[in-house]
Amino acid sequence: MQTITTPNGETLVVLPLAEYENLVDKADIASADRIKADIAAGRDELVPAEIVNRLIAGENPVKIWRTYRKMTARDLAAKAGISASYLSEIESGKKEGSLSAMKRIAETLEVDLDDLA
C-alpha cells in the first residue's frame with residue numbers, strides 16, 4: 001500500500017489490484033448477507049423476474065401486484081376500502097387514484113407506495 005498526497009492536501013491510497021478486488025468482494029458479500037437477512041426477517045422479498053419484466057414493460061403496477069398476491073379486484077377493493085369500479089379505473093389507467101386510495105392499496109398489497117407509481 002502506498003499513500004499519495006494531492007496538491008489540495010487530499011490523501012489517496014494506492015493498493016495492489018488483487019488487494020482492491022478482495023476488498024470489493026468482501027463488500028459485495030456483506031451486502032448480499034444483509035439482503036438475505038432482510039428477506040429472512042420479512043423486511044424484503046424476492047420478486048420473480050416475470051413480475052419485474054411486466055413492470056418494466058409498463059403494465060399497470062396495481063394490477064400486476066394484485067395478481068401476484070393472488071387477489072381478485074373485488075377483494076383488493078374491499079380490503080383497501082375503495083369501490084371495485086374505482087379500482088378498475090385505476091388498473092385500466094382511466095384514473096390515477098387519489099393519494100389516500102393509492103396508500104391504502106399499497107398497504108393492502110404490502111408494497112411501498114413507490115412500487116405503484
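Read on for an overview of the structure. In this text the structure is predicted, and so the values were computed from the model without any measurement.

**Here's the deal with the nonpolar core**
For step 1, the next point in the chain: Core analysis: the largest hydrophobic core is formed by 17 residues, its most contacted members being Val62, Leu76, Ile82, Leu87, Ile105, Leu109 and Leu116.
For step 2, the next point in the chain: Elements supplying a minimum of two residues to this core: α3 (61–68), α4 (73–80), α5 (84–92) and α6 (99–109).
For step 3, the next point in the chain: For this core, the element with the most residues is α6, which contributes 5 residues.
For step 4, the next point in the chain: Residues contacting Ile82, with those up to four places away along its chain left out, are Ala77, Leu87, Ala101, Arg104 and Ile105.

**Some thoughts on unusual backbone geometry**
For step 1, the next point in the chain: Here Lys70, not a glycine, exhibits a phi torsion of approximately 60°, which is positive.
For step 2, the next point in the chain: With respect to the secondary-structure elements, Lys70 resides in the loop between α3 and α4.
For step 3, the next point in the chain: Phi is positive for Glu110, which is not a glycine, with a value near 60°.
For step 4, the next point in the chain: Take Glu110: it is sitting in the segment after α6.
For step 5, the next point in the chain: Among the residues examined, Glu110 registers a relative accessible area of 62% and is labelled exposed.

Parameters and conventions
- Residue positions are given per chain, counted from 1 along the sequence in the order it is written.
- In keeping with the predicted nature of the model, local features appear solely for residues at pLDDT of at least 70, side-chain atom pairs appear and are counted solely at 80 or more, and the whole-chain, interface and lining totals rest on all residues.
- For the side-chain quantities, the full set of heavy atoms in the structure was used; hydrogens and water were omitted.
- Take the buried residues of types Ala, Val, Leu, Ile, Met, Phe, Trp, Tyr and Cys, join any two whose side-chain atoms come within 4.5 Å, and each joined set is a nonpolar core.
- Only protein chains enter the accessibility calculation, which uses a 1.4 Å probe; a residue is then buried when its area is under 20% of its type maximum, exposed when over 50%, and partly exposed in between.
- In DSSP terms, a helix is any run of H or I states spanning at least four residues, a strand is any run of E spanning at least two, and both are numbered starting from the N terminus.
- Here a residue-residue contact requires only that any non-hydrogen atoms of the pair lie within 4.5 Å.

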